[in-house]
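# Close look at the chain arrangement
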2 protein chains.
Amino acid sequence: MGAGKTTIGRALAKKLNMRFVDSDHEVEARTGVAIPVIFDIEGEASFRQREADVIKDLTAQRGIVLATGGGAVLNAQNRQFLHSRGTVIYLRASVSHILQRTSHDKNRPLLRTADPRKVLEELTVQRDPLYQEVAHLIVETGRPNVPNLVQTILVQLGWPLAPVSRLTIPMSSQPQHASHLLKVALGERSYPILIAPDAIKQIAKYISSNRVMIVTNTTIAPLYLERIKTSLETVGKKVEIVILPDGEAYKTMESLSLIYDALLEKKCDRKTTLVALGGGVVGDITGFAAASYMRGVPFVQIPTTLLSQVDSSVGGKTGINHPLGKNMIGAFYQPQAVVADINTLSTLPERELSAGLAEMIKYGAIIDTDFLTWLEQNCQKLRAQDPSALAYAIGRSCEIKAEVVRLDEREGGLRAILNFGHTFAHAIESALGYGVWLHGEAVGCGMVMAADLSQRLGYISVAEVERIRALVAAAGLPIIAPDLGLATWLDWMQVDKKNEGGQIKFILLKKMGRAVVESVPASVLEATLKACCTP
Amino acid sequence: MGAGKTTIGRALAKKLNMRFVDSDHEVEARTGVAIPVIFDIEGEASFRQREADVIKDLTAQRGIVLATGGGAVLNAQNRQFLHSRGTVIYLRASVSHILQRTSHDKNRPLLRTADPRKVLEELTVQRDPLYQEVAHLIVETGRPNVPNLVQTILVQLGWPLAPVSRLTIPMSSQPQHASHLLKVALGERSYPILIAPDAIKQIAKYISSNRVMIVTNTTIAPLYLERIKTSLETVGKKVEIVILPDGEAYKTMESLSLIYDALLEKKCDRKTTLVALGGGVVGDITGFAAASYMRGVPFVQIPTTLLSQVDSSVGGKTGINHPLGKNMIGAFYQPQAVVADINTLSTLPERELSAGLAEMIKYGAIIDTDFLTWLEQNCQKLRAQDPSALAYAIGRSCEIKAEVVRLDEREGGLRAILNFGHTFAHAIESALGYGVWLHGEAVGCGMVMAADLSQRLGYISVAEVERIRALVAAAGLPIIAPDLGLATWLDWMQVDKKNEGGQIKFILLKKMGRAVVESVPASVLEATLKACCTP
């Protein structure tokens, strides 16, 4: 009572694309009178029977978020239906919080007494054990921050199956020139992802401004720049160019400044679209330039590496590195569109293709075990650049990422699970110097380490760790970390953005396909570091 | 018909805090049947009579946004009531646009014919002159971007009186230690502004995190830093310090980097609050650091100059200068709170106090002529730092700014009027080198130039230009611009953020208290530059 069932239930239903139902409202709808009237006329016992009928009916339905009255747990049959037919979340609030929130509410029959605090305390003593019995998940609702509570619930539910069922790309193999058009659903900031062979031919369709600044690097420019520039100029757009040096070592303030300088020298206005043509480094720098030039101009991503096609180009994370930490400076800033051309992968070095597979394995491990199995079966096809296998795997990866981003755009909670393996990976990349290991290589190794850590905490089995290790190895990625020494590991992991109050946070596998964000005992972490590093 | 009356009407009503009414819905509500049924049973003539009755009644009401059916203008009495009782906005759309939008709509009786295009073309020929006759304002709705259209309307309405009536600070003089607590209403991003003597004593109340990084400069640090640091440490917060060099010349990437370096060296996490203690330069740099460190951490503004208290600390514009243009790199990022301590003004040099008066004069000139008159009467009191006059003028300025920001947070349209005088001012500041003229000094002079330009275009009188010139002079601000030479003026004005497609945009006074955003003929601009510069 007064714990926020309706507000949080509604918000959760919206995120999960489910219908919200309140059993009290259902009782009122069926009887045609308000609950206080039922209490007055028929007494509590009759109300409880009506409530039990409603709960029996509603728990037989699928795809709903149901808020029950606070007393529903008193009935053993209700408890049984609730627990066996659904996932029960107990929103626990203190008596003081409840009193505060219900003080102006006339619709609480049991609180219309001289001493509501005493009533509430008695109710708590009686009901709390029943709630605990029926609940799969207990969430404290002390501070009523609804978006945060919803994120907490989503994380603890472990990305439930419902959203996965929204995914539309079928797993069966596709015709050779399959293309996919997906959507990242973020209200006003929604945008399309086009995945197709020769997708860059369609780039002009995704740019509405007359002026365009293409940012690319020295490796990609000779391959695709002229073609894209010409196709934009053909439809009358004025195109400017910035070519950055290639590599993670150049994801710096200096490269960012090169873009600002060019924009200002060419007197580009607020309606100029920035186009990022390249891998994750170009995409991240260009996105941050777009976020910050004149406080925000439009931008479009043309990712040309597998890693950027399946990960960094989708979701609006932009930024640069700082000598003291990776991606420490940046913004959440969504593109207008992502145009992923599968043909650009044909010029990609084998090592970078493997790096992209790391992020695919990540989606399988934390969310979608069917996809993990598919990757195990098709890993060699992907490394051989089979077009239908690539189209499917990129599309599936983007769909999963788009769904996580939809649920948690600004990483209030759930989105952090996409950092599986990344806590270790960022330390490896930072300690060795950016670019020595590719990001995907570090993530591959980091996932093995995070799996090992999950196993040591009793969450997954040794066989499951081996399963991930084997797939990472099959993808051509390192499975043994460099021996940085304990102090260096800890030092770098302590500057991770997920940390709070000095505690290092890890993404762990509670089971295969289900990730959680937790800190771990130092001794367990040390054991993992010892086991996973070269001696 | 199909021009977007309902959608745009609703959005406009929300911005203006008015009620939205649709005359068609009102007719349906009164008859109890849908409009197609009225047409079928009674014919168009009877519907038109019912519509006329409704329009007569509704135009007699105050505080509503009314959408009428497309045929309402056929009736002369309707036209008279609409035009004389309200402000009429004609949303004009092409026949093709209307056809596109109404193609799936069964509720348009006149379009249920074999050749709807012909019907629409005939309707247009018949009705367009009537719409033009009745309208005070014509807006083309070709591209259906609702927020932009609403901004266009708001700008053209010239900041109507309704929002001004929301302001709560009375003009009567206040007791000596008056304090004001205002709110910037931006939904989830809303925040308070506290204006009070000794307001910094209350700073801890406005910071919810345990870790705090105070950013200040070499001038302000010796005056207030220790006091604020101690008050935060007393309540258990861990406080870090960054001290930047003082002055607009240091609003650079280098100063920004000093903040990033300190945050990373101290391993500050996402829950660290950045506190900006100083004037506009410190506030803008710190705000952008907060927007971009780890993609966003909380921040609080403690403005210590008059200019930052009345302008830059409110509204979420953050950023740094680039050698090629002022404030070219930045973000819209709202603070958690603004704490303006009037006592900090006692250490402010006279020249900087005058600079703050410039922005107050701006609010009077573009929005609030009563405030302009009050400033003329109290200018010397303000320069003598009379506490009650300062409290009133700061509060009134913040209220006006907060209301403009509420209507247009990300400068989609209306908010640009706050740049009155700034097109000229930015050119002066950039050309002379940042910090040679104070920003407020350049704005003072720029307002005189913008007023001169408005007069040359026939909008305001010579006497009104003199009125602004006299008040700017009385505030201790320059009224004659440096002679940069025409090419230099144009060159710097061409990098202004408001420009589009190479056209320089100016904020002009259509009349006193009513600003518009327009480009002007080159010859008129040259005449103003010639008249306002030292020979």
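Residues numbered from 1 in each chain as written. Chains lettered and ligands numbered in written order. Predicted model: local features only at pLDDT ≥ 70, side-chain atom pairs only at ≥ 80, totals over all residues. Heavy atoms only, no water.

Here is the rule: UniProt positions are given in the numbering used here, feature names are shortened, and annotations may be inferred rather than shown by experiment.
An unreviewed UniProt entry annotates chain A as Multifunctional fusion protein originating from Sapientia aquatica. As stated in UniProt under Subcellular location (unreviewed entry), the record for chain A gives "Cytoplasm". The record held by UniProt for chain A lists under Subunit (unreviewed entry) the comment "Monomer."

### Let's talk about the overall build of chain A
The condition that has to hold: Here a helix means four or more residues in a row that DSSP labels H or I, a strand means two or more in a row labelled E, and each is numbered from the N terminus. Within these notes, the globule rule equals 2.2 Å times the number of residues to the 0.38 power, and the radius of gyration is based on C-alpha atoms. Remark: exposure states derive from per-residue accessible area (1.4 Å probe, protein chains only) relative to the maximum for the residue type, with buried under 20%, exposed over 50%, and partly exposed in between.
From N to C terminus, chain A includes 21 helices and 15 strands. In terms of C-alpha radius of gyration, chain A reaches 26 Å, essentially the compact-globule figure of 24 Å for 535 residues. By its C-alpha atoms, chain A is 80 × 60 × 45 Å across when sized along the principal axes. Out of the 535 residues belonging to chain A, those deemed buried represent 57%.

### A closer look at the relation of the copies chain A and chain B
Put simply, the rule is: C-alpha atoms of residues with pLDDT of at least 70 in both copies form the basis for the least-squares superposition of the copies. The contact criterion used is simple: two residues touch if any of their non-hydrogen atoms lie within 4.5 Å.
Overlaying chain A on chain B yields an RMSD of 0.3 Å, the required transformation being a rotation through 180 degrees with an accompanying axial translation of 0.3 Å. In the structure described here, the two chain copies are related by an operation that fits a two-fold rotation axis. In this assembly, 100% of the residues forming the interface of chain A have copies in chain B that are likewise at the interface, indicating an isologous arrangement.

### With respect to the sheet that holds strand E13 (residues 337–341) of chain B
All names here are of chain B. Under the convention used in this document: We treat two strands as partners when DSSP finds at least two bridges between them. Orientation is described by axes fitted as lines to C-alpha atoms, over the contacting stretch for helices, and by angles from 0 to 180 degrees between their N-to-C directions.
One open sheet accounts for 7 strands, arranged E5-E6-E13-E10-E9-E7-E8; its pairing is mixed. Two strands close off the open sheet at either side, each with one partner strand: strand E5 (180–184) and strand E8 (238–244). Here the strands of the sheet are splayed against their neighbours by 15 degrees on average, with no regard to which way each runs. Summarising the sheet, strand E7 (residues 211–217) and E8 pair through 7 bridges and their orientation is parallel. Paired with Val-215 across the bridge in E8 is Val-242. Packed onto the sheet, helix H12 (residues 280–292) meets E7, E8, strand E9 (273–278) and strand E10 (299–303) and runs at close to 170 degrees relative to E9. Together, E5 and strand E6 (191–196) form the strand contacts of helix H16 (residues 387–407), whose direction differs from that of E5 by roughly 10 degrees.

### Description of the sheet that holds strand E8 (residues 238–244) of chain A
Residue and element names in this part refer to chain A. Sheet architecture is open: 7 strands sit in the order E5-E6-E13-E10-E9-E7-E8, paired in mixed fashion. Two strands lie at the open edges of the sheet, namely strand E5 (180–184) and E8, each paired on one side alone. Strand-to-strand, the axes of this sheet are offset by a mean angle of 15 degrees, without reference to chain direction. Pairing geometry for strand E6 (residues 191–196) and strand E13 (residues 337–341), over 4 bridges, is parallel. Of the residues in E13, the one forming a bridge with Ala-196 is Asp-341. Across the sheet, helix H10 (residues 221–234) lies against strand E7 (211–217), E8, strand E9 (273–278) and strand E10 (299–303), angled at about 175 degrees from E7, the strand it touches most. Across the sheet, helix H12 (residues 280–292) is in contact with E7, E8, E9 and E10; its angle to E9 comes to roughly 170 degrees.

### Some words on the UniProt feature "domain: 3-dehydroquinate synthase N-terminal" (unreviewed entry) in chain A
The positions UniProt marks with the feature "domain: 3-dehydroquinate synthase N-terminal" (unreviewed entry) are residues 242–354 of chain A. Taken end to end, residues 242–354 of chain A has its terminal C-alpha atoms 28 Å apart, with 34% of it in helix and 29% in strand.

### With respect to the pairing of E9 of chain B
All names here are of chain B. In terms of burial, E9 is a largely internal element, 6 of the 6 residues being buried. Two strands pair when backbone bridges link them, and E7 and E9 are joined in this way by 4 bridges, in the parallel orientation. The residue of E9 that forms the bridge with Ile-214 is Val-275. Note: E9 against E10, 5 bridges, orientation parallel.

### Quick notes on the packing of aromatic side chains
Under the convention used in this document: Note on aromatic contacts: the rings of Phe and Tyr and the six-membered ring of Trp form a pair at centre separations within 6.5 Å, being stacked when their planes are under 30 degrees apart, edge-to-face when over 60 apart, and tilted otherwise. We call a charge positioned above a ring when the Lys NZ or Arg CZ atom is no farther than 6 Å from the ring centre and deviates by at most 35 degrees from the ring normal.
Counted according to the given criterion, the structure contains 17 aromatic pairs over all chains. Each ring, one from Phe-424 of chain A and one from Trp-489 of chain A, has its centre 6.2 Å from the other, and the planes form 75 degrees; the classification is edge-to-face. Here Trp-489 of chain A lies in helix H20 (residues 486–493) and Phe-424 of chain A lies in helix H17 (residues 422–432), a separation of 65 residues in the sequence. By the burial criterion, Phe-424 of chain A is buried, and Trp-489 of chain A matches it. Summarising the aromatic geometry, the rings of Phe-371 of chain B and Trp-374 of chain B are spaced 6.1 Å apart at their centres and angled 25 degrees between planes, so their arrangement reads as stacked. Here Phe-371 of chain B and its partner Trp-374 of chain B are both found in helix H15 (residues 369–383), 3 residues apart, which amounts to about one turn of the helix. According to the relative accessible area criterion, Phe-371 of chain B is buried, its value standing at 0%. A cation over an aromatic ring shows up here: Arg-295 of chain A above the ring of Phe-332 of chain B, its NZ or CZ 5.8 Å from the ring centre.

### Structural notes on helix H15 (residues 369–383) of chain A
All names here are of chain A. As a reminder of what qualifies: By this rule the span expected of a helix is its residue count minus one, scaled by 1.5 Å. Bend angle per residue: angle between axes fitted to the 7 residues ending at that residue and the 7 residues starting there.
The terminal C-alpha atoms of H15 lie 20 Å apart, and with 15 residues this matches the ideal 21 Å at 1.5 Å per residue to within 8%. The sharpest bend along H15 measures roughly 60 degrees and falls at Gln-377. Those residues of H15 that sit buried are Phe-371, Leu-372, Trp-374, Leu-375, Asn-378, Cys-379 and Leu-382. Looking at the buried positions of H15, the neighbouring elements they touch are helix H14 (350–366), helix H16 (387–407) and helix H19 (462–474). Where H15 ends, the next residue or the one after it, Gln-385, has phi of about 60 degrees, a positive value.

### Looking at the UniProt feature "binding site: Zn(2+)" (unreviewed entry) in chain A
Residue and element names in this part refer to chain A. Per the UniProt entry, the sites bearing "binding site: Zn(2+)" (unreviewed entry) are Glu-359, His-422 and His-439 in this numbering. Despite a sequence span of 81 residues, these residues sit close together in the fold, their greatest C-alpha distance being 10.2 Å. With respect to the helices and strands, His-422 occurs in helix H17. The class for His-422 is buried, based on a relative accessible area of 5%. Other than its neighbours up to four places away in sequence, His-422 contacts Glu-359, Lys-362, His-439 and Val-443.

### Comments concerning a nonpolar patch on the surface
Here is the rule we go by: A patch consists of residues exposed above 30% relative accessible area that lack any salt bridge, with like charges linked at up to 9 Å and nonpolar side chains (Val, Leu, Ile, Met, Phe, Trp, Tyr) linked at up to 5 Å. Computed with the Shrake-Rupley method and a 1.4 Å probe, the accessible areas treat only the protein chains shown as cover for residues. What counts as a salt bridge is simple: a side-chain nitrogen of Lys or Arg found within 4 Å of a carboxyl oxygen of Asp or Glu.
A cluster of nonpolar residues, Val-33, Val-37 and Ile-41 of chain A, forms a patch on the protein surface that exposes about 250 Å² of accessible area. Tracing the backbone through its elements, the reader meets Val-37 of chain A in helix H3 (residues 35–42).

### Details of helix H10 (residues 221–234) of chain B
Since the α-helix turns once every 3.6 residues, residues separated by three or four places project in the same direction. Residues and elements named next belong to chain B. Operational definition: Arc definition: it is the arc formed by the directions from the helix axis to the C-beta atoms.
The end-to-end C-alpha distance of H10 is 19 Å, a good match for the 20 Å that 14 residues give at a rise of 1.5 Å each. All of the buried residues along H10 are Ala-221, Tyr-224, Leu-225, Ile-228, Lys-229 and Leu-232. On an axial view of H10, the arc spanned by its buried residues comes to 130 degrees, and they lie on one face. Those residues of H10 that are exposed and aimed more than 90 degrees away from the buried face are Pro-222, Glu-226 and Thr-234. Those residues of H10 that are buried lie in contact with E7, E8, E9 and E10. Following H10 by one or two positions, Gly-236 adopts a phi angle in the positive range, close to 90 degrees.

### Notes on unusual backbone geometry
Among all residues except glycine, the phi angle is most often negative; among peptide bonds, the trans geometry is most common. One non-glycine residue, Asn-327 of chain A, adopts positive backbone phi at about 55 degrees. Positionally, Asn-327 of chain A belongs in strand E12 (residues 325–332).

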